[in-house]
Amino acid sequence: MTAVSSPLESAALDALRQLPDPLTGQDWVSSRRVRRLSVSNGRAELDIALGYPARSQWPAFTSLIEAALRQVEGIREVAVNWSTDIVAHQAMRGQALLPGVKNLVAVASGKGGVGKSTTAVNLALALAAEGARVGMLDADIYGPSQPLMLGLSGKPDSPDGKTITPPINHGLQTMSIGLLIDGQAPAIWRGPMATQAFDQMLRLSNWGAPGEPLDYLIVDMPPGTGDIHLSLSQRAPITAAVIVTTPQDIALLDAKKGLQMFEKVSVPVLGIVENMATYCCPNCGHEAHIFGQDGGKRLAETCSVPLLGSMPLDLGIREQADSGRPTLVAEPDGKVSGLYKAMARLMAAGLSKLPKDYSGKLPGVSVAPSEGPSAGQPG
């Protein structure tokens, strides 16, 4: 941000420093999100670039800023210009980032049957709805489900016979082994073969577009914490992870194992999603906790990570995913879509506070020839 030029502008910045971002907890001035501020004839105008997608929240954020700046004597009118500036963040253990991808987020669970894949695709669609460029990688080699959920079929294009161009539907670039093999045939492969197939889909896919890399590549991880799962976690330059669970004790035990696995490979966990938290009877409206209550909340507290949200046991979520039109597509303005968007914003806001990746900005290292005596000659 350019330097302020008047006491009134300094007072406006001081007022903004007392106003935290509702999702990151950081004020927009200290976190360098205010890119420009000017005050003229009682009108304050500022540009703010958020580090996470939250287009639906811009009006609410504007109201907060207006309320704060109108407390400054001399400011009667406020105009805020919002934008989104998502940058690349460090991958674990300093791995090089993927070409065309800024941030790679793994969505995982310790066991199957907890709604991980449905959560992954709706989180991806929610990020896109909030203004991000998003891709989906289906890493479940043995049980790929993303082609069905996203209504995709047919083999993807290969422009050069070496790389793959992931197809796009509902605004998401998507790659899955289900697009490369017969969808009805099982993948009867040993661990190394499955790991190699994942690695090729990850690295040989043409992610993003020229000059427009993906802000997020969401990876729908396979269930479990075994050898294949660990190999995938170590091979992919993962920025962060999200854990999906249900409230019952057996699911929480496995979810905790999944979370601890990411900790062991130095991948930050952005939070926990609790699926099937409540069931609301469509006839009488009675709400029941079929699989237990507050299990995800307790796990989040125990592991010191955020609870991103709790999702209901809703027939519509399952039906929409099975039809190839997930909830964010079928009912973009519905209540359940609102829950997914809220979780996606919290996830992305948490990621925005992680260390940034500066590898692309570091100067190259070159070795100059020695000017001393050549080999075999006395010094």
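It should be noted that the structure appears before, not after, this text.
Our subject in this report is the structure included herewith. (Residues numbered from 1 in each chain as written. Predicted model: local features only at pLDDT ≥ 70, side-chain atom pairs only at ≥ 80, totals over all residues. Heavy atoms only, no water.)

### Topic: the packing of aromatic side chains
Rule in force here: Two rings from Phe, Tyr or Trp (for Trp, the six-membered ring) form a pair when their centres sit within 6.5 Å of each other. Planes less than 30 degrees apart are called stacked, planes more than 60 degrees apart edge-to-face, and all others tilted. The way it works is that DSSP assigns letters per residue, a run of H or I at least four long becomes a helix, a run of E at least two long becomes a strand, and they are numbered from the N terminus. Only protein chains enter the area calculation, which uses a 1.4 Å probe; residues under 20% of their type maximum are buried, those over 50% are exposed, and those in between are partly exposed.
Applying the stated rule across the entire model yields three aromatic pairs. The interplanar angle of 50 degrees and the centroid separation of 5.7 Å between the aromatic rings of Trp28 and Phe61 together place this pair among those described as tilted. Taken together, the residues span a long stretch of sequence, with Trp28 in the loop between helix H1 (7-17) and strand S1 (34-40) and Phe61 in helix H2 (residues 58-69) at a distance of 33 residues. Look at Trp28 and you get buried, because its relative accessible area is 1%. Considering the side-chain rings of Phe61 and Trp82, the 5.9 Å spacing of their centres and the 55 degrees angle between planes classify their relative orientation as tilted. Remark: Trp82 occurs in strand S3 (residues 77-84) and Phe61 occurs in helix H2; sequence separation between them is 21 residues. Residue class for Phe61 comes out buried when judged on its relative accessible area of 4%.

### Some thoughts on the nonpolar core
In plain terms, the rule: Joining through side-chain atoms within 4.5 Å is the link that ties buried Ala, Val, Leu, Ile, Met, Phe, Trp, Tyr and Cys residues into a set, and such a set is a nonpolar core.
In terms of nonpolar packing, the biggest core is built from 68 residues, with Ile65, Leu69, Tyr216 and Ile218 touching the most fellow members. It is helix H11 (residues 335-352) that provides the largest number of residues to this core, a total of eight residues. One finds Ala197, Met201, Ala255 and Phe262 within the second-largest nonpolar core, a separate group that totals 40 residues.

### Details of a nonpolar patch on the surface
Stated formally: Residues enter patches when they are more than 30% accessible in relative terms and free of salt bridges; like-charged ones are connected within 9 Å and nonpolar ones (Val, Leu, Ile, Met, Phe, Trp, Tyr) within 5 Å. What sets the accessible areas is the Shrake-Rupley method with a 1.4 Å probe; for residues, cover comes only from the shown protein chains. Take a side-chain nitrogen of Lys or Arg and a carboxyl oxygen of Asp or Glu: if they are within 4 Å of each other, that pair is a salt bridge.
Together, Tyr279, Ile290 and Leu313 make up an exposed nonpolar region whose accessible area comes to about 240 Å². Mapped onto the fold, Leu313 is located in the loop between strand S13 (307-310) and helix H9 (315-322). On the basis of relative accessible area, Leu313 is assigned to the partly exposed category, the value being 30%.

### Some points on the sheet that holds S1
Hydrogen bonds between backbone groups are what pair the strands of a sheet, and the pairing can be parallel or antiparallel. Definition in use: Whether two strands pair depends on DSSP finding at least two bridges between them. Helix axes are fitted only over the stretch in contact, all axes being lines through C-alpha atoms; the angle between N-to-C directions runs from 0 to 180 degrees. Residues count as neighbours in contact if any of their non-hydrogen atoms are within 4.5 Å of one another.
Read across the open sheet, the three strands follow the order S1-S2-S3; overall the sheet is mixed. With partners counted over all chains shown, the strands left at the sheet margins are S1 and S3, one partner each. Across the sheet, the mean angle from the axis of one strand to that of its neighbour is 10 degrees, orientation sign disregarded. Examined bridge by bridge, strand S2 (residues 43-50) and S3 share eight bridges and lie parallel to one another. When the sheet's bridge partners are listed, Leu50 is paired in S3 with Thr84. Here H1 sits on the sheet in contact with S1 and S2, set at roughly 135 degrees to S1. Lying on the sheet, H2 is in contact with S2 and S3; it crosses S3 at an angle near 140 degrees.

### Examining the pairing of strand S9 (residues 240-245)
Buried residues dominate S9, accounting for six of its six residues. Across the two faces of S9 the burial is the same, with Ala240, Val242 and Val244 and Ala241, Ile243 and Thr245 all buried. Relative to S9, strand S4 (residues 104-108) runs parallel, the two sharing four bridges. Considered in S9, the bridge of Ala108 is made with Ile243. Direction of pairing for S9 relative to strand S10 (residues 269-274): parallel, over a ladder of five bridges. Within S10, the position partnered with Ala241 by the bridge is Val269.

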